[in-house]
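Remarks on the overall topology
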Amino acid sequence: MPPSPAAPRPNAVVAVLALAGIVVSLMQTLVIPIVPELPKLLDAPASDAAWAVTATLLAAAVATPVVGRLGDMAGKRRMLLFSLVLLIAGSVVCGLSDSLVPMVVGRAMQGLSAAVIPLGISIMRDELPAERLAGATALMSASLGVGGALGLPAAALIADNLDWHMLFWTSGALGAVALVLVWALVPESAVRTGGRFDVLGGIGMAAGLVCLLLAISKGADWGWTGGLTLGLFAAAVVVLLVWGRWELRTPQPLVDLRTTARRQVLFTNLASIAVGFSMFAMSLVLPQLLQLPEATGYGLGRSLLTAGLVMAPSGLVMMAFAPVSAMVSRARGPKVTLMIGALIVAAGYGLNIALMSEVWHLVLVSCVIGAGIGFTYGAMPALIMGAVPASETAAANSLNTLMRSIGTSVASAIAGVILAQMTVSLGGFALPSENAFKVVMGIGAGAALLAFVIASFIPRHRPAAGTARAASDGGVEAPAASAH
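Just so you know, these numbers come straight off a predicted model, no measurement behind them.

This part is about the overall build of the chain. Looking only at helices and strands, one finds 18 helices and 2 strands in the chain. Taken against the 2.2 N^0.38 rule, which gives 23 Å for 484 residues, the C-alpha radius of gyration of the chain at 21 Å falls within 12% of a compact globule. C-alpha atoms of the chain, sized along the principal axes, occupy 70 × 45 × 45 Å. Burial analysis of the chain (484 residues in total) assigns 56% to the buried set.

Moving on, we get to the side chain of lysine 335. Mapped onto the fold, lysine 335 is located in helix α15 (residues 334-354). The exposure class assigned to lysine 335 is buried, which follows from its relative accessible area of 15%. Setting aside anything within four residues of it in sequence, one finds lysine 335 in contact with Leu383, Ala455, Ser456, Ile458, Pro459 and Arg460.

It is worth spelling out the pattern of salt bridges at this point. Following the criterion strictly, the structure yields 5 salt bridges and no others. Between lysine 76 and aspartate 126 there is a salt bridge, and its shortest N-O distance comes to 2.8 Å. Residue lysine 76 is located in helix α5 (residues 76-95), and its partner aspartate 126 is located in helix α7 (residues 116-127); the two are separated by 50 residues in the primary sequence. Here lysine 218 ties to aspartate 221 by a salt bridge, and the two come within 3.8 Å at their closest N and O atoms. You can see lysine 218 and its partner aspartate 221 sitting in helix α10 (residues 199-222), 3 residues apart, about one turn around the helix. Among the residues examined, lysine 218 registers a relative accessible area of 3% and is labelled buried. On the accessibility criterion, aspartate 221 (58% relative accessible area) is exposed.

Attention now goes to the environment of leucine 362. Along the chain, leucine 362 falls in helix α16 (residues 359-385). Taking the relative accessible area as the measure of exposure, leucine 362 reaches 0% and is therefore buried. Here leucine 362 is in contact with Leu286, Leu289, Leu290, Leu300, Val310, Asn352, Leu355 and Met356, once residues within four sequence places are set aside.

This brings us to the packing of helix α1 (residues 10-25) against helix α9 (residues 166-185). For the pair α1 and α9, the least separation of the axes is 9 Å and the interaxial angle reads 155 degrees. When the axis of α1 is compared with that of α9, the two are roughly antiparallel. Like other packed secondary-structure pairs, α1 and α9 cross with a definite hand, here left-handed. Mapping the contact onto sequence places Ala12, Val13, Val16, Leu19, Ala20 and Val23 in α1 and Leu174, Gly175, Val177, Ala178, Leu181, Val182 and Leu185 in α9.

Below, the discussion takes up the environment of serine 122. Secondary-structure assignment places serine 122 in helix α7. Taking the relative accessible area as the measure of exposure, serine 122 reaches 0% and is therefore buried. Separated by 271 residues in sequence, serine 122 and threonine 393 have C-alpha atoms that sit 5.6 Å apart. When sequence neighbours within four positions are dropped, the list of residues in contact with serine 122 reads Lys76, Thr393, Ala394 and Asn397. Here the side chain of serine 122 touches alanine 394 through a polar contact of 3.1 Å, landing on its backbone nitrogen.

It is worth spelling out the side chain of threonine 268 at this point. With respect to the element layout, threonine 268 can be found in helix α13 (residues 263-291). Looking at threonine 268, its side chain comes within polar contact range of the main-chain oxygen of glutamine 264, at 2.6 Å. Ignoring sequence-local partners within four residues, the contact set of threonine 268 consists of Met380, Leu383, Ile384, Asn400 and Ile458.

Right, let's get into the packing of α10 against helix α11 (residues 227-249). Between two packed helices, the angle of one axis relative to the other and the distance separating the axes together describe the packing. At their nearest, the axes of α10 and α11 sit 8 Å apart, and the two run at 160 degrees to each other. Considered as vectors, α10 and α11 are oriented roughly antiparallel to each other. By crossing handedness, the relation of α10 to α11 is classed as left-handed.

Turning next to the pairing of strand β2 (residues 429-432). Sheet analysis places strand β1 (residues 423-426) next to β2, joined by 4 bridges and oriented antiparallel. Across the sheet, the residue bridging to serine 425 is alanine 430, located in β2. A loop of 2 residues connects β1 with β2, the two strands running antiparallel in sequence, and glycine 427 in this loop sits at a positive phi of about 60 degrees.

With that settled, consider α16. Spanning 27 residues, α16 covers 40 Å between terminal C-alpha atoms, matching the ideal 39 Å at 1.5 Å per step. Within α16, 21 of the 27 residues are buried, which leaves it mostly tucked inside the rest of the structure.

Another point: the packing of aromatic side chains. What the rule picks out here adds up to 4 aromatic pairs. Here tryptophan 164 and phenylalanine 168 contribute two aromatic rings whose centre-to-centre distance is 6.2 Å and whose plane-to-plane angle is 85 degrees, an arrangement assigned as edge-to-face. Taking relative accessible area as the criterion, tryptophan 164 reaches 10% and is therefore assigned buried. Here the aromatic rings of phenylalanine 321 and phenylalanine 375 are separated by 5.8 Å at their centres, their planes lie at 50 degrees, and the arrangement is tilted. Taken together, the positions of phenylalanine 321 in helix α14 (residues 304-332) and phenylalanine 375 in helix α16 put the pair 54 residues apart, joining distant regions of the chain. Residue class for phenylalanine 321 comes out partly exposed when judged on its relative accessible area of 28%. Phenylalanine 375 sits in the buried class, given a relative accessible area of 6%. A cation over an aromatic ring shows up here: lysine 218 above the ring of tryptophan 51, its NZ or CZ 5.0 Å from the ring centre.

Attention now moves to unusual backbone geometry. A negative phi angle characterises most non-glycine residues, just as the trans form characterises most peptide bonds. Unlike most non-glycine residues, aspartate 43 shows phi in positive territory, near 55 degrees. Looking at where aspartate 43 falls in the secondary structure, it is placed in the loop between α2 (38-42) and α3 (46-49). On the accessibility criterion, aspartate 43 (73% relative accessible area) is exposed.

Moving on, we come to helix α17 (residues 393-421). Compared with the 42 Å implied by 1.5 Å per residue over 29 residues, the 43 Å span of α17 between its first and last C-alpha is a close match. The buried fraction of α17 is high, at 21 of 29 residues.

Residues of the chain with pLDDT of at least 70 account for 93%, and the chain-wide mean is 86. Here residues 462-484 is modelled with pLDDT under 50, and outside its nearest four sequence neighbours on either side it reaches 54 contacts, counting other chains as well.

Analysis parameters
- Residues numbered from 1 in each chain as written.
- Predicted model: local features only at pLDDT ≥ 70, side-chain atom pairs only at ≥ 80, totals over all residues.
- Heavy atoms only, no water.
- Helix = DSSP H or I, 4+ residues; strand = E, 2+ residues; numbered from the N terminus.
- Rg over C-alpha atoms; globule rule 2.2 N^0.38 Å.
- Buried < 20%, exposed > 50% of the residue type's maximum accessible area, 1.4 Å probe, protein only.
- Contact = heavy atoms within 4.5 Å.
- Salt bridge = Lys/Arg side-chain N within 4 Å of Asp/Glu carboxyl O.
- Axes fitted to C-alpha atoms, helices over the stretch in contact; angles between N-to-C directions.
- Parallel < 35°, antiparallel > 145°, perpendicular 65-115°, else oblique.
- Left-handed = near helix turned anticlockwise from the far one by under 90°.
- Polar contact = N/O pair within 3.5 Å; in protein donor to acceptor, adjacent residues only side chain to side chain.
- Pairing = 2+ DSSP bridges.
- Expected span 1.5 Å × (residues − 1).
- Phe/Tyr/Trp six-rings, centres within 6.5 Å; stacked < 30°, edge-to-face > 60°.
- Lys NZ or Arg CZ within 6 Å of the ring centre and 35° of its normal.
- pLDDT = per-residue confidence, 0-100.

This is how it looks when you write it as structure tokens:
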């Protein structure tokens, strides 16, 4: 076990954990600038080269709940350090690769680091004073969007001016910085569950999630009514049902489904799927609108770097609105914060349908949606932590993060189908039509409104400054205010 700082310094803990979250979330956009070139760079068919993206998605989905549970059992800081080591190792493997197999392996290793953000939120709950907790967790949660927004222009800049391997050497270097800072400044929490790890539960969840997400992410390529796609969907349903039965019967489950079924946790997770869908719809629509040729009549003919720079302010807005989200949560409760954020996101998409003909239009839209995401992402961990004991914080936050990821995967699949089916012809090429983008924006607004409706079913809490600190006799926190 690496040495742990003797006493936590709140400002340093928050800054380091937020940095680690941003570094890990960079993995989402790291390869976007080179995706069109991957078949040539890796000497592989386009369908195979796409696994450099798919492998990260699948690995993150499997690792997030498993590593979160291990953090509750064996130490959150320990598992956070382990996740950062995997990120660095994956970056090195990708940095040395010139063929498909090592690239896919390295990208999968990078995906295994996805649990850093829920682990960071859980460490904050254990170590920070109650008055600092709401703002800190809002910032940590928003880092998931911040890293993705800031990563695109940075990755485009590197890809345009340097050898593409530098993308991965840069991510490895940033991971190493985060690792050293976590080692030096972040304490290990004494709040643990102990016990034995649910190996069968881990295998079952991994199998079910891989089947589900593989069908969602590859369905467009394989055919949505094809035997392989439908077989994977069916397998996911069967495996997850069997897994759920096992989790309810085993004394030390990977995921405590009874806790997950609590009204506050259940509806927060359902809202998270809808919010994840809305956030990713923006990431799909705006860059394409910016890069499509002006000859289409609605494309803006800009470079990938310009598209990234247009998206970057949304990440800064998310970070800026994290403390605002915390203030609203303290005054009115995180349920209200989540509902406000969902309405802001819906308004942003509505604005986008009306304003999409100038670069500044898209900057404005991305900032409005970013503000809404900042509100929603700040509220979710507060709602989760208000309903689960401290000994289950990492596992519960990890499951919530997984729900957001499922939402983004579904958004990618649905938007991909719409943009592929509603096309116009230009120079012999089929390009997404203007109406296709408007339909995706409308669905994004609908998903945000669905999140608002779902959030309305979350139990209402009296305004509170945060959750109570862990009790010395058991480390279990109680919600700061009871539902009524």
